[in-house]
Amino acid sequence: ALTNFIRSTLPEGNSYIECDSTLNSLEILGSCLEDSTPRTPIYFILSPGANVVADLDKKAAENGLQKGISYHNVSMGQGQDVVAMSCLETAHRSGHWVILNNVHLMPRWLVELEKKLDEYAAEGSHDKFRVFLTSDPSKTIPIGILNRCIKLTNEPPTGLKANLKRAWCFFP
């Protein structure tokens, strides 16, 4: 019912209904990268079956970044806050990308991350600097981080027709 209402009420309403089924996750990520800035991280809300790291790895390679050199992937957990801050500092100055996985595991540290991102914004970061965050849905993510981020989720489509449409989008 809501789908029909949007289609008939909004100008070009059909484009809002069909947008996710015509783009694959790489194309959506590419569009978000165009909108992102050194001050605007991209925050992935994880859902079952989504592999955002693989998509991000592909986009990093397309942008000439090398894993471990100019593209840093940190899985958050005990003791990884120091590693993450070191990677962020290097990336901020050199224009690298940093992905911090599972940030919901370290809610107290996220306040420190928010302050650090504020410092980088005031100081001015390298134009190519990007930060990506992943987490499960969580109520512990500071509102300041959520407000500054582009938020993405990749939920599985409902129904056979929607699943088939999405599958076709991944064929070249």
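Predicted model, so just to flag it, every value in this text is computed and none were measured.

Each value, and the rule that gives it
- Residues numbered from 1 in each chain as written.
- Predicted model: local features only at pLDDT ≥ 70, side-chain atom pairs only at ≥ 80, totals over all residues.
- Heavy atoms only, no water.
- Helix = DSSP H or I, 4+ residues; strand = E, 2+ residues; numbered from the N terminus.
- Buried < 20%, exposed > 50% of the residue type's maximum accessible area, 1.4 Å probe, protein only.
- Contact = heavy atoms within 4.5 Å.
- Areas by Shrake-Rupley, 256 points an atom, 1.4 Å probe, with all protein chains shown as cover.
- Core = buried A, V, L, I, M, F, W, Y, C linked by side-chain atoms within 4.5 Å.
- Salt bridge = Lys/Arg side-chain N within 4 Å of Asp/Glu carboxyl O.
- Pairing = 2+ DSSP bridges.
- Axes fitted to C-alpha atoms, helices over the stretch in contact; angles between N-to-C directions.

Draft legend 1. A look at the overall build of the protein. Along the protein, the regular secondary structure elements total 8 helices and 5 strands. Written out in order from the N terminus, the α and β elements of the protein read α-α-α-β-α-β-α-β-α-β-α-β-α. Counting every position in the protein, which comprises 172 residues, the buried fraction comes to 40%. For the protein, long-range pairs separated by at least 24 residues make up 78% of all intrachain contacts whose partners lie at least 6 apart in sequence. When the accessible surface of the protein is summed, it comes to about 10,100 Å², and 55% of that surface belongs to carbon and sulfur atoms.

Draft legend 2. The arrangement of the nonpolar core in detail. In this structure, M76, L88, L100, V103, W109, L113 and L133 are the most contacted members of the largest nonpolar core, which totals 23 residues. Those elements giving two or more residues to this core turn out to be α5 (80-94), β3 (97-101), α6 (107-123) and β4 (130-135). Setting aside chain neighbours within four positions, we find W109 in contact with M76, D81, A84, M85 and L100. Ranked by size, the runner-up nonpolar core spans 15 residues in total, among them L33, F44, A60 and W97.

Draft legend 3. Inspection of the pattern of salt bridges at higher detail. Scanning the model with the defined rule gives 7 salt bridges in all. When the shortest N-O distance is used, the salt bridge between K116 and E89 registers 3.9 Å. With K116 in helix α6 and E89 in helix α5, this residue pair connects regions lying 27 residues apart in the sequence. In this structure E89 comes out as partly exposed when scored by relative accessible area, which is 23%. Two residues, E119 and K116, come together in a salt bridge whose shortest N-O distance is 3.5 Å. Here E119 and its partner K116 are both found in helix α6, 3 residues apart, which amounts to about one turn of the helix.

Draft legend 4. Structural detail: the sheet that holds β3. Pairing is parallel in the open sheet, where 5 strands are placed in the order β2-β3-β4-β1-β5. Each edge of the open sheet is held by one strand with a lone partner, namely β2 (71-75) and β5 (150-153). Strand after strand, the sheet turns through a mean of 15° between neighbouring axes, direction not considered. Note that strand β1 (residues 42-45) and β5 share 4 bridges and pair parallel. Across the sheet, I42 pairs through a bridge with I150, a residue of β5. Relative to β3, helix α4 (residues 52-62) is tilted by about 175°, and along the sheet it contacts β1, β2, β3 and β4.

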